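The primary structure of each chain is shown beneath.
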Amino acid sequence: MYDAWADQVIEKIRKKMRWCGEKNRDRIPYTTDANGNYDDRSELSAEWSLDNGLNWWTNGFWGGMMWLLYQDTGEESYAEIARISEYRLEACFDSYYGLHHDVGFMFQPTAVADYRLTGNERSRKTALHAANLLVGRFNPVGRFIRAWNEVGDQDTRGWAIIDCMFNISLLYWASEETKDPCFKQIAMMHADTAMAHFVCPDGSVNHIVEFDPETGERVKSHGGQGYGEGSSWTRGQGWAVYGFVISYLHTGKQEYLDTAKKVAHYCMANIPESGVVPIDFRQPVEPPYEDSCGACVIAGGLLELARCVPGPEQESYRRAAMKILKTLDESRADWSECCDAIVQECSGAYHDASHHMTMTYADYFFMEAVYKVKGKGILLW
Ligand code: GLY
């Protein structure tokens, strides 16, 4: 039943991405403009701070989309486009200062994907380089990976964020590849800290937790991209469900699977009847801000979780994911040639000046989820 749905959506993805991939082959896009055209984040800024250019944290997703299509179609042209952004991202290592913990998001769906799918030696070296940079952000007293270098004038030396549950995939891969357990040990210490300090008893998840960088003690949580302190940023719930499943898959540690379930149950109880996902599960009713991107990440996490459990439990996660995906396909997707992006109505953060835009990582996670429904492709994380 889900198969037939996936087949027809995959057809629409193939059709859209054939022209869209070629049109944007030399770009690293993030979002579309008012005319539906993708921007390009491939300029390396002269500034050393976190910027909107080549260091931008989502810059791995365009390449990742191309690898998903390569796996689906076997067409070499998609590998070629993926490598344009992968090779461009190598320049981030030279500038160094603009890099952050999102080297996982940047290099896992590009360099690691390339190496896994084609054995490209250059990609292996790039990915190991990125993994070593990520290890360098580990705080051994607090047992967490530091997120960003700076946020305005705030001291972020002790800040960790739930999104990093995805970045640590790079560390699991590096241990599997080199047989050096140190990467995995650090990943697990971070995951254990996230389990203890980010996940609340009801299964909701904090976006940012601040630790004292000298003593490692928890200081407080921040609302981050969600509505406020103690709220429940939906995309963060998605990073947690999916991220803890990834940690479980790489380690077999049962508590990670249990934590993924706990957060999944919280999400399933809070996803509105309409299937349209808000920016924050605890935001006010008005304005009715939504985030299709968070919806895509949660759906991907639920589908991956479903693969780890038997029988009726499996079906409950798949059913919840399908509800989200069908809503996206029917009412939040643009299948026309008027817009480069597929998924519409995505929001970066609750308090951003603008909402309801497109984001390449929404398209990435939507496509990945549809392929998961069909059982196609390897897990890139
Ligand atoms: N990782 C940042 C975000 O999800 O917007």
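So, here's what we can say about the structure. The structure displayed is predicted, hence computed values, not measured ones.

The terminal C-alpha atoms of helix H9 (residues 182–197), which comprises 16 residues, lie 23 Å apart, in line with the 22 Å expected from a rise of 1.5 Å per residue. Along H9, the residues classified as buried are Phe183, Ile186, Ala187, His190, Ala191, Thr193, Ala194 and Met195.

Grouped together as the largest cluster of nonpolar side chains are 128 residues, with contacts concentrated most on Met17, Leu171, Phe244, Leu325 and Phe365. Beyond its immediate chain neighbours, meaning those up to four positions away, Leu171 contacts Ala131, Leu134, Val135, Ile145, Phe183, Lys184, Ile186 and Ala187. In terms of nonpolar packing, the next biggest core, distinct from the first, is built from five residues, Ala147, Trp148, Trp159 and Ile161 among them.

The next subject is the site of the ligand. With respect to spatial proximity, the complete set of residues near the ligand consists of Trp57, Asp163, Gln225, Trp233, Arg235, Trp239 and Tyr361. At 3.2 Å, a side-chain N or O of Tyr361 approaches an oxygen atom of the ligand. Notes on the ligand: free accessible area 200 Å², of which the protein chains cover 94%. Judged by its atoms lying within 2 Å of the grid points, the ligand is housed in the largest pocket.

Next up on the list: empty space enclosed by the protein. Counted under the stated rule, the structure contains five cavities of 30 Å³ or more. Looking at the largest cavity, its volume works out to about 80 Å³. Taken together, Leu68, Gln71, Arg307, Tyr364, Glu368, Tyr371, Lys372, Lys376, Gly377, Ile378, Leu379 and Leu380 make up the lining of the largest cavity. When residues of the lining of the largest cavity are traced back to their parent elements, those giving at least two are helix H2 (61–73) and helix H14 (360–374).

On to the layout of surface pockets, then. Taken as a whole, the largest pocket spans an internal volume of roughly 600 Å³. In terms of lining residues, the largest pocket is bounded by 28 residues, among which Trp56, Trp57, Trp148, Gln225 and Ala349 are the most central. Of all the secondary-structure elements, those providing two or more residues to the lining of the largest pocket are strand S3 (159–161) and helix H10 (234–251). The computed volume of the second largest pocket comes to approximately 250 Å³. What lines the second largest pocket is a set of 12 residues, among which Tyr96, Leu99, Leu133, Arg137 and Asn149 lie closest to the centre. Class assignment of the residues belonging to the lining of the second largest pocket gives a composition of seven nonpolar, three polar and two charged.

This part takes up the sheet that holds strand S4 (residues 208–211). Sheet architecture is open: three strands sit in the order S3-S4-S5, paired in antiparallel fashion. Two strands lie at the open edges of the sheet, namely S3 and strand S5 (218–222), each paired on one side alone. With direction set aside, neighbouring strand axes in the sheet form an average angle of 25°. Judged from the three bridges that link them, S3 and S4 form a sheet pairing that is antiparallel. If you follow Ala160 over to S4, its bridge partner there is Val209. Across the sheet, H9 lies against S3, S4 and S5, angled at about 105° from S4, the strand it touches most.

Turning next to the pattern of salt bridges. Considering all chains together, one arrives at 27 salt bridges under this definition. Note that Lys23 is salt-bridged to Asp340, the shortest N-O span being 2.7 Å. With Lys23 in helix H1 (residues 2–23) and Asp340 in the loop between helix H13 (311–331) and H14, this residue pair connects regions lying 317 residues apart in the sequence. Given the relative accessible area of 42%, Lys23 is considered partly exposed. Residue Asp340 is classed as buried on the basis of its relative accessible area of 1%.

About the cut-offs
- Residues numbered from 1 in each chain as written.
- Predicted model: local features only at pLDDT ≥ 70, side-chain atom pairs only at ≥ 80, totals over all residues.
- Heavy atoms only, no water.
- Helix = DSSP H or I, 4+ residues; strand = E, 2+ residues; numbered from the N terminus.
- Expected span 1.5 Å × (residues − 1).
- Buried < 20%, exposed > 50% of the residue type's maximum accessible area, 1.4 Å probe, protein only.
- Core = buried A, V, L, I, M, F, W, Y, C linked by side-chain atoms within 4.5 Å.
- Contact = heavy atoms within 4.5 Å.
- Near = heavy atom within 4 Å.
- Polar contact = N/O pair within 3.5 Å; in protein donor to acceptor, adjacent residues only side chain to side chain.
- Areas by Shrake-Rupley, 256 points an atom, 1.4 Å probe, with all protein chains shown as cover.
- 1 Å grid on protein atoms, 1.4 Å probe; cavity = no way out; pocket = protein on both sides within 12 Å on 5 of 7 lines; lining within 4 Å.
- Sits in = over half its atoms within 2 Å of the grid points.
- Points joined across faces, edges and corners; volume = space filled by probe spheres on them.
- Nonpolar A, V, L, I, M, F, W, Y, C, P; charged D, E, K, R; others polar.
- Pairing = 2+ DSSP bridges.
- Axes fitted to C-alpha atoms, helices over the stretch in contact; angles between N-to-C directions.
- Salt bridge = Lys/Arg side-chain N within 4 Å of Asp/Glu carboxyl O.

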